[in-house]
Structure formats: structure tokens, C-alpha cells
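Residue-level listing of the chains:
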Amino acid sequence: ATCQRCIRETGGLASLVQATNAALLGKRLMPEEGEEDEEEDVDDDEFGRIQRLRVEVSQEARWACFLALTDVALAFAGATSSTSSPSGDGGAAGEVNREVVANRDALVRNGVLDLLRRLPDPRVDVEAKLRLVRILEALEPTPLAATRLEQVDRGITVSLLSVLASMVVSPAVPLPLKSALSRVLCRTISRHSPLQLSLLVSLSPQIEPSEPGEEVPAMRQVVAILEKAASGRPEPEPLWFAFHLLLAMLFANTSVQRTLPSMRIAFPGGEEPAEFCLDLFLMAFSGCARRCLESSPDDEEPSGEFGSVVPDGPTSPAAALVAALKLLAYWLASCPPALASFAGSPVMVPRTMDLILIGSRCGDFFRAHLEGLAALVMGLCIKADEGQGAVAGQQPFMALLAKKVGIEEFQRKGERLFRSEVMSRPPRNLANFRWYNSRFRSFLREQQQAIQRRMVQLYVSDGIGGGSALAEDVADQYKQLIRVQDAKFREVQNENEQLRSEVETFMSRSLQASSEALLEKMEALRMENEALHKEVAQLEEEGSDRIVRLERELRQSRSYICELEQQRQSMAVGYEQVERSSEALRRELEELRSGQRAADRSQAPGGSELVLALAAEDAQRRVEELERERADMLELMGCIIGACPEAKRFVASLEVTSAGAAWASGSDDVLQAASHPEVVP
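Conventions adopted
Within each chain, residue numbers correspond to sequence positions counted from 1 in written order. Local features in this predicted model are restricted to residues whose pLDDT is 70 or higher, and side-chain atom pairs enter the listing and the counts only when it is 80 or higher, whereas totals over whole chains, interfaces and linings include all residues. Remark: hydrogens and water are excluded; side-chain values derive from all non-hydrogen atoms of the structure. One side-chain nitrogen of Lys or Arg within 4 Å of one carboxyl oxygen of Asp or Glu is enough to make a salt bridge. A run of H or I in DSSP counts as a helix once it spans at least four residues, and a run of E counts as a strand once it spans at least two, with each numbered from the N terminus. Note on exposure labels: buried denotes an accessible area under 20% of the residue type's maximum, exposed denotes more than 50%, and partly exposed covers the range between, all computed with a 1.4 Å probe on protein chains only. Patch members must show over 30% relative accessible area and no salt bridge, and they are joined within 9 Å when carrying like charges or within 5 Å when they are nonpolar side chains of Val, Leu, Ile, Met, Phe, Trp or Tyr. Calculation of accessible area relied on Shrake-Rupley with a 1.4 Å probe; when residues are assessed, cover is drawn exclusively from the protein chains displayed. Two residue types count as positive, namely Lys and Arg, and two as negative, namely Asp and Glu; His and chain ends fall outside the count. By convention, the charge on Lys lies at NZ, on Arg at CZ, on Asp at CG and on Glu at CD. Whether two aromatic rings pair depends on their centres lying within 6.5 Å, for rings of Phe, Tyr and Trp, where Trp uses its six-membered ring; planes under 30 degrees apart make the pair stacked, over 60 edge-to-face, and the rest tilted. Only lysine NZ and arginine CZ atoms are considered, and such an atom sits over a ring when it is within 6 Å of the ring centre and within 35 degrees of the ring normal.

J.: Looking at this structure, how should I read the pattern of salt bridges?
T.: Pairing of side chains with opposite charge becomes possible as their charged atoms draw close. On inspection of all chains with the given rule, the structure shows 25 salt bridges. A salt bridge links Lys-413 to Glu-409; its shortest N-O distance comes to 3.4 Å. Residue Lys-413 and its partner Glu-409 are both found in helix α19 (residues 407–418); the two are separated by 4 residues, about one turn of the helix. Judged by relative accessible area, which is 4%, Lys-413 ranks as buried.

Okay, structure coming up:
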């Protein structure tokens, strides 16, 4: 909701509408700098302003963008959510519905409905037009949409409502688009009374004739279609949609229902077949009925079971007659003046009686619907309350039905219409053509029950005429009605019991299936939990083993280092002893040499020289032995440092000779320094 509010307040919806319009036509406003004007086209926008447009995207990309943009617009309008659910007392649903209403109003204010003016454009694909109709369907509940539909902008001669209604009655529009637009537009008109009054006013004749090429208001086109049907030249498809526009205009609006019979549609003295709307409608109804009654079975669809062959659209005069009977039934049921005019006509009642007995002239599909709707119209004449001045005397109509049709057959025709497939299961797809909606089916059932009650009242009341045949027929009908109601009651009871048992079975199976699924899921989770616990225990055991092993290795390393330290200390002590011995021997050698030199100077050469030479050689030999021992010690110390580099720091502070320093640093010069000791010559 916060994001939607932010988009509304920052102009995001206006950009959405502009982008949708550009994607719809594959064009954009004004060229970029450096582009030539020769590649551009000139077109009017929805407000009548001149715009420069240029094609710049491919068909596939344009269609993908248009679909995405319309999906966004439909999401903002609440087309994907249920907007008819109760909002509650300020709950989340109420907040969502308020946001949807605000989004719809914002879309309408930013001109999204102006995109519907592109519907008559032949450059726009039918699928794109259906998407625009879906946008109208999502926005039609808001009153602001109704205001925009009947608004006439500057530079435009007709309203958007008239443009859409003209498309509905135009024979050039494809049937899927016309069906979708008619369904949405009729629902919009019947929901908003200002639109109904606007259509009613546009039925009046124009004081100044339209110029060539000027758009004619839609309801004047409807009048022209009715005039053709009144003159015996009915156009089935435009007539079907024209009658439904009139039906939407009449729906649940008492003022329109009472004003329409006396609504002037032509000036006096003209060439038009009728001056008032009710007269023109009755003449159009008579023309369609005459056309169908004069046809033969070969002119229509092949025979079969009732309702077995369903036409794809209103392409035959019988379809236009079905629409006329639907409009007539609703109008007569809600407007006593129209009912009085119909019942007092010497043409309408015989035409309607002939339609009840039309048989298979128009095919079996239309037989069921024409007979059922005509029976409904005659039943409305019987149902009318004489105290309100609608119809003077219902007994003649009832006697006429009993004599020409039969009360039981009359009832059977109504039931056949109510149980028909197109009445019971209308298509839900917006682009599919449908003959009835659920609202008319409810209206039909309500009127049938009221007609039955009125017929029973007339039968049991005093002073009823019609003779014994009528009395017997009505009595049989009353008994048949009771039997039918009992049978329906038993059928409903049986169906209710069957549905209850099916629901109980389904619930038990569903509960059992869900319980089994939950048990399986719980067992799987339990097994997975156990496996995870085992894995955790195994990992903890491996971790503890590794810690123990590392601690053991650490203790061993520490003991080994201690042993090496002791060996190093022993070697250091031995090395110091060797150094001291070597130094003492050097001093002794030096003393001997000094004594030798002194003896040489004081005495003549003789045998003592040999003794001294031998002593010197012996001393030199001892020195060499000590030097070799020292070299061995240094070599051993180098091996220890190579095996355990950590012992290197223990000899770093010892004061040794150059050979000892090389040994302490762990370099390869230890052996070289040991093999070449410094000897004083």
C-alpha cells in the first residue's frame, strides 16, 4: 500500500498511461536531436492536440511492453483481487479496498480511459483492444469512471460513452471484441444512473442535421437500427447489441423506465415510422416477429434436441427477436405504463401468442428460447396488479392461454427456457458471446414464481370466468405444480444428503491423507534429526581425538626440545672447555717458542734444538688434535641446528670465535671455519 501511494503521488501513473499509449501505437512523441523530420508522421492525441510521432520499436517488443504495462494497470486497479468482499471494520481488507479505489481514481484522472478512444483505430490489434476492455472492466465500479465516460473534451464532438456504444452496434467490429465491450459497457451503464440518463437524453432527435463525416451519437444510431427493423429490414447483430444497450439503460432506474415510453425520438410529420420510443420499439419487435414467423425450418439451423445446436453469435433474425423479448420482459415487469400499452395493443398480444406456438420455424435452439420468453411476456400480463392500473382484467389472458396453449404446456415452456444450457452455464470468458447472464436468470425465476402465484390466486378467487375447461386445466396445473414442487423438494433433499455424504467422505479422506502426510514428514524429520545427532557426536569425537593427539605431540615436542637443550648446554660446556684448552695450548706453544728463541740466542746450536723441535712438534700435534675435536663439535652442533631450528636461538648469545659464530648462525660455513682454524704462525 505504501509503494502504491508513493507511485500515485509522484506521477508514476501518468508515466504509465503515456508509456501504454506509446506501446499501443508503437510511436513516441517528438524525435531526438539530429533525426530528420521526413521520417515522422503527424497524428492527433486523445485531446485533439497535434503530436509528432515516429515508429521506433518492433512489433514483438511493442506487444511485450504493452502486455507488461497493462498488467501493471490492472494490478493497480485491483483486477486480480476480489473487490467485492466485505472490507471489515478497518482491517487489512478495508485498507486494501481503499487503496484500490484510490488507484482507480488516480488512473482515471491520469487519462487511462482515454486509451479507449484507440479502439476504433484499425492499426491496433484485436488482442490489444481486448486488454483495454479489461482495463475498463476493472475501473467501471468507480463513479469517476462514469463521469469521464460522459465527459466531452475540447475539440471532440461526442463523449467516450458514445464512441464505445457506437462500436457495440457497428457491424464492422469483430464479434469477440463487440461481445466483450458490450458486456462491460452494459454493466457500467446499469451501475451508474448518470450514464443511463445520458443515453436517454441522446435518444432525442437532433435539431440540426449532422454534417457529412461528423460522428453521430450512438443512441441515434440505435434509433436508426430500430427503424430498419420496424420497416421489415432487421439487421440481427446490430439489433441484438442495440436492445442490450436499451436494457442496460432501463435496469433498476425507475425514472428512465417511466420516461422512456413517452420519449420523443422524431419530430412530428417526418418520414420516421414512429415518434415515441415505445412505439418504435414495439414496431421493431413486431417486424422481427413477423420475419421469424414467416420463415421456414429450412432457413435456419437443422433440427435436433432443444438447445443442442448453439449458434456462435446473433446472426439470424431469431437472435434479434430473443433480445427484443428479453428487453420487453424486463420493461413490462418494471413499468406499468409500458405494460398497459402492450396489453392494449391489438397487434402485440396476437404476435406474442404466435411466438408461443412458433414451433421449429427458426430451429430447435431458438424454439425453446422464443417460446419461453414469449410465455414469460404473456405471464407478465397475467401477473399485473389491476389495482395499479396496469392491465384491466387478467382473466381473459389466462383463458386465452388455457385455450390456445394450455396451462401445463405454458408452464413447461418456461421451465424449458430456465433449464436450457445457455441460461444455466453462460461462458465466463470476456470475449465469448453469451445469450444470457446470471442476473437475467434470477429475474426469470423470480417472475415465473410470481406468475404461478398470481395464476393460482385467479383460479381460487370468486368470479373467475373461463368455463369448466379452464377450471379443469388450472386445477390440473395447480396439482401438477404441487407435484413438481414436491419432486423438486425431494430432489433437493436427496442432492443435499448426497452432497453432505460426499463432503464428509472428502473431509475424512482429506484429513486422513493430511495426517498420513504429516506422519511421514514427522518420521522423516525424526530420522534426519537422529542422523544429524550421530554426525555431531562423530564430529565431536573426532575433534576430541585430534585435540588429544595434538596435545600428545606437543608434549613430545616439548620433551624433545628439552633434551636438545640439555645436549646443547653440554656441547656448549664442552666447547668452552675445548676453547680454554686450545687457548692454554696456544699460550704454552707461544711460551715454548719464546723460550726456544731465547735459548737459541743464548746458547750455541747443539742437541737441545732437537729436543725443543720435538717438543714443538708434539705441541703442534696436540693443537691439531684439539682443532679437529673442535671441528667435530661444530659439525655436530650444525647437525643439531639443522634438525631443530628452534635450538638456534639458544646459541645466539654465546661468545665464540669466528668459526663458532658461523656455527651459531646455522650457515654452511661451519665446517669450513672448523677445517681452517686461526693459528698464530
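Next comes the rest of the account.
J.: Looking at this structure, how should I read a positive patch on the surface?
T.: Among the surface-exposed residues, Arg-546, Arg-549, Arg-552 and Arg-555 lie close enough to one another that they form a single positively charged patch. Tracing the chain through its elements places Arg-555 in helix α22 (residues 467–602).

J.: Mind showing me how you'd approach a nonpolar patch on the surface here?
T.: Where nonpolar side chains cluster on the molecular surface, the patch consists of Val-503, Phe-506 and Met-507 and spans about 330 Å² of accessible area. Here Phe-506 shows up in helix α22.

J.: Looking at this model, I keep getting lost on unusual backbone geometry. Mind explaining?
T.: Trans is the common state for peptide bonds, and a negative phi is the common state for residues other than glycine. Here the phi dihedral of Ala-252 falls at roughly 55 degrees; this positive angle occurs in a residue that is not glycine. Along the polypeptide, Ala-252 turns up in the loop between α11 (236–250) and α12 (254–259).

J.: I would appreciate a short explanation of the environment of Glu-421 in the present structure.
T.: Tracing the backbone through its elements, the reader meets Glu-421 in helix α20 (residues 421–424). Residues Glu-421 and Val-310, spaced 111 residues apart in sequence, show a C-alpha to C-alpha distance of 9.2 Å.

J.: Honestly, the packing of aromatic side chains in this entry has me stumped. Any pointers?
T.: Given two aromatic rings, their pairing is described by the distance between the two centres and the angle made by the two planes. Taken as a whole, this structure holds 13 aromatic pairs when the rule is applied. Between the aromatic rings of Trp-63 and Phe-66, the centroid separation amounts to 5.8 Å while the plane-to-plane angle is 25 degrees, which identifies the pairing as stacked. Pair noted here: Trp-63 and Phe-66 are both in helix α3 (residues 59–76), with a separation of 3 residues, about one helical turn. With relative accessibility at 31%, the residue Trp-63 sits in the partly exposed group. Phe-66 gets classed as buried once you look at its relative accessible area, which sits at 1%. A centroid spacing of 5.1 Å and a plane angle of 85 degrees characterise the contact between Phe-433 and Trp-435, whose relative ring orientation is edge-to-face. Residue Phe-433 shares its accessibility class with Trp-435, and that shared class is buried. One aromatic cluster is present, built from ring pairs that chain together Trp-240, Phe-365, Phe-366, Phe-433 and Trp-435. Here Lys-326 stacks its cationic end above the ring of Phe-440, 5.4 Å away from the centre of that ring.

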